[in-house]
Amino acid sequence: MLFSEASKKFMEMESTTKRLELTSILGSLLENAGDDLKELVYLIQGKLAPDYEGIEFGVSGKLIVKSLAAISGMDEEEVNKLFYKNGDLGITASEIREKMEQKPLFREDLTVHYVYTRLMELAKSAGHGSVKGKTDIYADLMVNSYPEDIKYITRIIMGKLRLGVADSTILDSLVHAFFSKDNADMVETAYNFHPDIGLIATLLQKGDIKAISNIGPEPLIPFKVMLAERLRSIDDIREKMNHHVSFEYKYDGLRTELHKKGDKIKIFSRGLEETTENFPDIIENFKKSYSFESIIIDGESVPFNPDTGELFPFQMVSKRRGRKYQITEKSTEIPLVMFIFDILELNGRILVNLPYEERRKILEENFVDNEHFRLATRLSSDDSEEINKFFEQSIEDGCEGIVAKDTSDESVYRAGARGWLWIKFKRDYQKELADSMDLVIIGAFNGRGRRAGAYGALLMASYNEETHAFESVTKLGTGFSDEVLFSLPKMLSDLVRDHKPAMVESKMVPDIWIYPQIVMEIQGAEITVSPIHTCAFGKIEKDSGLALRFPRLIKIRDDKNAEDATTTNEIIELYKMQKKTK
Ligand SMILES: Nc1ncnc2c1ncn2[C@@H]1O[C@H](COP(=O)(O)OP(=O)(O)OP(=O)(O)O)[C@@H](O)[C@H]1O
């Protein structure tokens, strides 16, 4: 496939404001990719491989500016001026390409495959002479490109492609293009255990259903963790689970998946990022204490006081690194303990299809609690009083509450899914509005008076898992510290759009549209039916959606991507929970 065919579609994807149109353009692009499909799906994501492979371009904006100057014969200052005017290096590169007299050299050869291969070389060129190596490759791509092509190539290199299609949307389109819809769940499960969109694309295109159905957890490949639903009372939980229940402490730390194969040990975060380096004490202890040939365990890491065993809040050892949390040097002073609550693989045996009780038994047989590894404290009981005591004790011991685990025969490990096999219960749930929400910024309103120059309010959305749309649910203007308030315009500057992004569903029109990426934790007072907001539109009442009233910012959730935000279905559940308490 010629890269220019892809850039044409990219342009259409950027300019549409309609979600269905966005997916149909994506579909036609994928259908026509032929042998270049695998490479194309990575490029659509602005990547060369799944994140966990850690392939980065290692190119700064400065380097691109320098290269553009060198290729075009312009002054660096002139290029910088253009960049400043456009706020986007992609557009700057395409404008410069437009002005260059030389037409693309061998434009027929600028295929998706060629661009991908060269970008991979660019990413891999490291060490002595790498700056020249990278600049040469960029120059080669530039002279062989049409202006539109280099615009997107530049954005990919800068990590700023943002076409508005997450992996889940691409997955849907792939299933639609190459497969039968009936098997969509199987494809999703495969992807959740092995989140490599290129791999799945190749298998789907080949029609290799067997290979897809065989995909399961694999040591050293991060999987999407299983998530919990919430209910308002312990009795509701017992009923929902048909009294097949067990309860565990709900630790307030950082979700941790630990993988081992041979002598390699890796740790991944909930966002599938490799964070092995941040857990030196845990890794060392694991090496020393256990001798599994291979294993995958799931749990929560929490800092603790080594003198008293008391658990600390996670903020004590974490700090922000870009958009993600990172454990600081303090983690060597303040040790971490991983509370293990699940196991997915052991010495070559896949365990995800065993019921919870059996997986827990395997954990108990293979782990003896030590300083850095403990099994999640649990209670197997369906006795209301006992469970309540256990809950109170969990709070006493520094936890947030409890997580109920279904113990029926169907209680498999469901990667990436939020379902009723796990149900969380916190003390807050007894309040009127049960829980905070993690919502995505989709728009901003200009501030006035004291907030002039900053934003007066933000338009926030939930994520609809079924349609992949971001649906407006509240206007947020309270709870900002000055620091956050005045840093927002800069933080969001890259994400400002001049029209509504296609995956956003909103009737309210903000002064500024924001590409959905940043997630904020928000506490509100009440969820009400509202004709203004599009969250769950028509689901509760005809011609109305749901709105969160009196929202207040708690914090920015750097550890969540837009697609990890509170879903529309969860908001419907919260709305119903709240009605029951009244
Ligand atoms: N015993 C346990 N079993 C399962 N999860 C646990 C356990 N202890 C702690 N957790 C953590 O609790 C999280 C869910 O709780 P909470 O609602 O506070 O987190 P969140 O990040 O806001 O939401 P979520 O993870 O559900 O998207 C799980 O994702 C997991 O990281």
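Rules behind the numbers
- Residues numbered from 1 in each chain as written.
- Predicted model: local features only at pLDDT ≥ 70, side-chain atom pairs only at ≥ 80, totals over all residues.
- Heavy atoms only, no water.
- UniProt positions renumbered as here; feature names shortened; annotations may be inferred.
- Helix = DSSP H or I, 4+ residues; strand = E, 2+ residues; numbered from the N terminus.
- Rg over C-alpha atoms; globule rule 2.2 N^0.38 Å.
- Buried < 20%, exposed > 50% of the residue type's maximum accessible area, 1.4 Å probe, protein only.
- Areas by Shrake-Rupley, 256 points an atom, 1.4 Å probe, with all protein chains shown as cover.
- Contact = heavy atoms within 4.5 Å.
- Near = heavy atom within 4 Å.
- Polar contact = N/O pair within 3.5 Å; in protein donor to acceptor, adjacent residues only side chain to side chain.
- Nonpolar A, V, L, I, M, F, W, Y, C, P; charged D, E, K, R; others polar.
- Domains from an automatic or database assignment.
- Salt bridge = Lys/Arg side-chain N within 4 Å of Asp/Glu carboxyl O.
- Pairing = 2+ DSSP bridges.
- pLDDT = per-residue confidence, 0-100.
- Axes fitted to C-alpha atoms, helices over the stretch in contact; angles between N-to-C directions.
- Parallel < 35°, antiparallel > 145°, perpendicular 65-115°, else oblique.

Under the annotation held in an unreviewed UniProt entry, the chain carries the name DNA ligase and is attributed to Ferroplasma acidiphilum. Recorded under Function (unreviewed entry), the UniProt text for the chain is reproduced unchanged: "DNA ligase that seals nicks in double-stranded DNA during DNA replication, DNA recombination and DNA repair." Per UniProt, the comment on the chain under Cofactor (unreviewed entry) is "Mg(2+)".

I tried to follow the overall build of the chain on my own but got confused; where do I start?
The helix and strand inventory of the chain stands at 20 helices and 23 strands. For 582 residues, the compact-globule estimate of 2.2 N^0.38 gives 25 Å, and the C-alpha radius of gyration of the chain, at 25 Å, lies within 12% of that figure. Dimensions along the principal axes, computed over C-alpha positions, put the chain at roughly 80 × 60 × 50 Å. Residues counted as buried form 56% of the 582 residues belonging to the chain. Summing over all exposed atoms, the chain offers an accessible surface of approximately 25900 Å²; the carbon and sulfur share of this is 48%.

Which parts of the structure should I look at to understand unusual backbone geometry?
Among all residues save glycine, negative phi is the norm, and among peptide bonds the norm is trans. With a phi close to 55°, Asn 242 is a non-glycine residue in the positive phi region. Despite not being glycine, Asp 543 has its phi angle at roughly 60°, a positive value.

I keep staring at the UniProt feature "binding site: ATP" (unreviewed entry) in the chain and nothing clicks. Help me out?
Here the UniProt feature "binding site: ATP" (unreviewed entry) sits at Glu 248, Arg 255, Arg 270, Glu 300, Phe 341, Arg 418 and Lys 424. Along the polypeptide, Arg 270 turns up in the loop between β4 (264-268) and α15 (280-289). The class of Arg 270 is partly exposed, set by a relative accessible area of 23%. Once residues within four sequence positions are removed from consideration, Arg 270 is found in contact with Val 225, Leu 227, Arg 255, Arg 418, Lys 560 and Asp 564. The residue Glu 300 is located in strand β5 (residues 294-303) in this model. In this structure Glu 300 comes out as buried when scored by relative accessible area, which is 13%. When neighbours within four sequence positions are excluded, Glu 300 is seen to be in contact with Tyr 251, Asp 252, Gly 253, Leu 254, Arg 255, Thr 256, Val 337, Met 338, Phe 339 and Phe 341.

It is not clear to me how the site of the ligand should be interpreted in this structure. Could you clarify?
Neighbouring residues of the ligand: 19 residues in total, closest Arg 270, Glu 300, Lys 405, Arg 418 and Lys 424. The separation between a nitrogen atom of the ligand and a polar main-chain atom of Tyr 251 is 3.0 Å. A distance of 3.0 Å separates an oxygen atom of the ligand from a polar atom in the side chain of Lys 426. Taken by itself the ligand offers 600 Å² of open surface, and the protein chains cover 90% of this. Of all elements in the fold, only β2 (245-250), β12 (401-406) and β13 (418-426) reach the threshold of two or more residues within the shell around the ligand. Top element by residues in the shell around the ligand is β13. It accounts for four residues. Class assignment of the residues belonging to the shell around the ligand gives a composition of six nonpolar, no polar and 13 charged. Mapped onto the domain boundaries, the shell around the ligand takes at least three residues apiece from domain 3 (227-430) and domain 4 (437-581).

Help me understand the pattern of salt bridges in this model?
As a working rule, side chains carrying opposite charge can pair if their charged atoms are close by. Scanning the entire structure with this criterion turns up 31 salt bridges. Between Glu 14 and Arg 155 there is a salt bridge whose closest N-O contact spans 2.6 Å. Remark: Arg 155 occurs in helix α9 (residues 147-157) and Glu 14 occurs in helix α1 (residues 3-15); sequence separation between them is 141 residues. Residue Glu 14 is classed as partly exposed on the basis of its relative accessible area of 26%. Across the pair Glu 570 and Arg 418 runs a salt bridge, and its minimum N-O distance is 3.3 Å.

It is not clear to me how the domain arrangement of the chain should be interpreted in this structure. Could you clarify?
Size of an interface, as often reported, equals the accessible area lost when the parts are brought together. For the chain, the assigned domains read domain 1 (3-158), domain 2 (167-214), domain 3 (227-430) and domain 4 (437-581). The straight-line distance from the C-alpha centre of domain 2 to that of domain 4 is 31 Å.

Help me out: how do you make sense of the pairing of β4 in this one?
Across a regular strand the side chains alternate sides, sitting on one face of the sheet and then on the other. One ladder, built from five bridges, connects strand β3 (residues 254-261) with β4; its direction is antiparallel. Within β4, the position partnered with Leu 258 by the bridge is Ile 267. Remark: two residues form the turn of the hairpin made by β3 and β4, two consecutive strands paired antiparallel; Gly 262 in that turn has positive phi of roughly 55°.

Which parts of the structure should I look at to understand the confidence of the model for the chain?
Predicted coordinates in regions of low pLDDT should not be interpreted in detail. With 94% of its residues at a pLDDT of 70 or more, the chain has an overall mean of 92. Scored below 50 in pLDDT, residues 320-324 shows 14 contacts in the model against residues more than four places distant or in partner chains. Scoring the predicted complex yields pTM 0.89 and, for the interface, ipTM 0.97.

Help me out: how do you make sense of the environment of Gly 538 in this one?
Assignment of secondary structure puts Gly 538 in the loop between β21 (526-530) and β22 (545-549). A relative accessible area of 43% places Gly 538 in the partly exposed class. Filtering out sequence-adjacent residues up to four positions away, Gly 538 remains in contact with Asp 543 and Ser 544.

Before we go on, may I ask you to explain the sheet that holds strand β11 (residues 378-379) in this structure?
Adjacent strands of a sheet pair through backbone hydrogen bonds, lying either parallel or antiparallel. Spatially, five strands are ordered β1-β13-β12-β2-β11 in an open sheet, and the strand pairing comes out mixed. Edge positions in the sheet fall to β1 (227-230) and β11, since each has one partner strand and no second. Bridging between β12 and β13 involves five bridges; their strand directions are antiparallel. Following the sheet pairing, Lys 405 is matched in β13 by Trp 422. Contacts from helix α18 (residues 384-396) reach β2, β11, β12 and β13, with the element oriented near 135° to β12.

Any chance you could explain the packing of helix α2 (residues 19-31) against helix α3 (residues 37-44) here in plain terms?
In helix packing, the relevant descriptors are the interaxial angle and the interaxial distance, both defined with respect to the helix axes. Where α2 meets α3, the closest approach of the two axes is 10 Å, and the angle between their N-to-C directions is 150°. The orientation of α2 relative to α3 falls into the category roughly antiparallel. Facing Leu 26, Leu 29 and Leu 30 of α2, the residues of α3 in contact are Leu 37, Leu 40, Val 41 and Ile 44. Taken together, the residues of the contact of α2 with α3 sort by class into seven nonpolar, no polar and no charged.

Explain the environment of Phe 314 to me, please; I cannot follow it from the model alone.
Tracing the backbone shows Phe 314 in the loop between β5 and β6 (318-321). Along the sequence, Phe 314 and Asn 388 sit 74 residues apart, while their C-alpha atoms lie 25 Å from each other.

Honestly, the pairing of β13 in this entry has me stumped. Any pointers?
By the criterion of burial, β13 is predominantly enclosed, with seven of the nine residues buried. As judged from the four bridges shared by β1 and β13, these two strands associate in the parallel manner. Across the sheet, residue Leu 227 finds its bridge partner in β13, namely Arg 418.

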